[in-house]
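Spelled out from the first residue to the last, the chains are:
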Amino acid sequence: MIAALISGSLAVVSVAKADELLPYNISGDGIAESLTGSPGDAARGRALVLARTTTCILCHSGPFPETRFQGDLAPDLTGAGNRWTASQLRLRLVDASRFNAQTIMPAYYRSDGLVRVGRNFADKPILSAAEIEDIVAFLATLRD
Amino acid sequence: MRVWRAIAAAALLAAAPALLAGEIPIDARRSGYSFMGPDTRAMQDDDTSNPGMLFVLEGEALWGKKTGNAEKSCADCHGDARSSMKGVAARYPAIDKALARPVTLDQRINRCRTNHQQATPLLYESRDLLALSAFVAHQSRGVAISAGDDPQAKPFVEQGRELFMQREGQLNLACTNCHDDNFDRRLAGAPVTQGQPTGYPLYRLEWQTLGSLERRLRSCMSGVRAQAYDYGSPELVALELYLMSRARGLPMETPAVRP
């Protein structure tokens, strides 16, 4: 189903507006290669997911016993590494609307097609390529 | 038996005013009060512990004070607010005939100041404006909200509804994503409410002061990393009007207390 939705999108996304965005290849329902060309750091990824400014745990909960401030607008991240490949996780973070067009999950590595973005955030993705890679590395470790 | 019930239900549905997708049915609408813990509720319920009541008292003093070149007080024109202002805030924002567009209660107060008192308008979120609007809105405590009924208001209600449905900001979220689709859930551990505007201006513990509905809307906009509309802008007024029409029938609570 998901694969069907985004099948045929074996395409190079050419990023027109924001120079900061590195180009990436979507193949099937994922992005197979690291955005930076090197693997992320799972420990840094965990810290990022827990940081409020990264925004993940506004909506998600997960195996984070040290904080009460978790959301339930989205699935618990426990076991995400069983359910999804690194390639799928990477595409989900880059642009979750590729999996569900109506999703409320923000696209973390996109800066176009948005409305009235605040001055301090304009033309920037929410996360950098390196931050995405760290988070992908961390999510891949969430196996039960 | 079951068939009859189904037909009766279908007839009921047909008779009810059409509900747009995602909207909350009238009998399911709930004030933010119903989402709060016992401590915050108790603080709101008891006038002696509700910090908003201090502003109401200040507003009462301002109501009787002569100002401006006209040397007139609000009371000189409107008399006893307890009767003349009862129910007024429940109808705001309301169409100003001269301007042919809706104005908020704050804007109405400032129009009275400039036109009738010949005084300078009060700044948005200034203590005096909050006090006056808290005092006026307090006279509607318990009155059912009816704003947006005026046929002239319809296009502005519709504009507000569109803004409510519009995704915006770097996080690309619309008001409806949280306040229609996800109320009763938790955002970073805190309850998300239906975003009903029943208690404004209200005392927010986080702000440590009274604040207007526009202040609240602007912080939701900054929350999704959008450029917040300016105080008094047509967009914020339209949103406020839509929110009030969406809260139709809920009783006013000013001054409410929120965490």
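Below is a summary of the structure that appears in this document.

Cut-off values and rules
Residues numbered from 1 in each chain as written. Chains lettered and ligands numbered in written order. Predicted model: local features only at pLDDT ≥ 70, side-chain atom pairs only at ≥ 80, totals over all residues. Heavy atoms only, no water. Helix = DSSP H or I, 4+ residues; strand = E, 2+ residues; numbered from the N terminus. Rg over C-alpha atoms; globule rule 2.2 N^0.38 Å. Buried < 20%, exposed > 50% of the residue type's maximum accessible area, 1.4 Å probe, protein only. Contact = heavy atoms within 4.5 Å. Areas by Shrake-Rupley, 256 points an atom, 1.4 Å probe, with all protein chains shown as cover. Lys, Arg positive; Asp, Glu negative; His and termini not counted. Charge placed at Lys NZ, Arg CZ, Asp CG, Glu CD. Expected span 1.5 Å × (residues − 1). Salt bridge = Lys/Arg side-chain N within 4 Å of Asp/Glu carboxyl O. Core = buried A, V, L, I, M, F, W, Y, C linked by side-chain atoms within 4.5 Å.

### Quick look at the overall build of chain B
And step 1. Secondary structure summary: chain B contains eleven helices and seven strands in total.
And step 2. Radius of gyration (C-alpha) of chain B: 19 Å, near the 18 Å computed for a compact globule of 259 residues.
And step 3. Projected onto its principal axes, the C-alpha coordinates of chain B cover approximately 70 × 40 × 40 Å.
And step 4. Burial statistics for chain B: of 259 residues in total, 49% are counted as buried.
And step 5. Across chain B, the fraction of contacts at a sequence separation of at least 24, relative to all contacts at a separation of at least 6, is 67%.
And step 6. A total of about 12,400 Å² of accessible surface is found on chain B, and carbon and sulfur atoms cover 57% of it.
And step 7. Put simply, chain B has 31 plus and 29 minus side-chain charges, and the middle of one group is 3 Å from the middle of the other.

### Brief notes about helix H11 (residues 234–246) of chain B
Residues and elements named next belong to chain B.
And step 1. The terminal C-alpha atoms of H11 lie 18 Å apart, and with 13 residues this matches the ideal 18 Å at 1.5 Å per residue to within 8%.
And step 2. Extensive coverage of H11 is indicated by the burial of eleven of its 13 residues.
And step 3. Structurally, H11 contributes buried residues whose contacts are with strand E2 (101–103), helix H6 (105–117), helix H8 (154–165), helix H9 (175–179) and helix H10 (213–223).

### Side note on the pattern of salt bridges
Residues and elements named next belong to chain B.
And step 1. The final tally for this structure, using the stated rule, is 22 salt bridges over all chains.
And step 2. The partner of Arg 246 in a salt bridge is Asp 180, and the shortest N-O contact between them spans 2.8 Å. Here Arg 246, found in helix H11, pairs with Asp 180, found in the loop between H9 and strand E3 (186–187); they are 66 residues apart in sequence, far enough to count as distant. Each member of the pair Arg 246 and Asp 180 is classed as buried.

### Observations concerning the nonpolar core
And step 1. With 53 residues, the main nonpolar core has Trp 63, Leu 105, Leu 239 and Met 252 of chain B as its most contacted residues.
And step 2. Within the residue set of this core, elements represented by two or more residues are helix H3 (52–63), strand E1 (94–96), H6, helix H7 (127–138), H8, strand E5 (202–204), H10 and H11 of chain B.
And step 3. The leading source of residues in this core is H7 of chain B, at eight residues.
And step 4. Listed in part, the 32 residues of the second largest apolar core include Ile 26, Tyr 109, Ile 135 and Val 136 of chain A.

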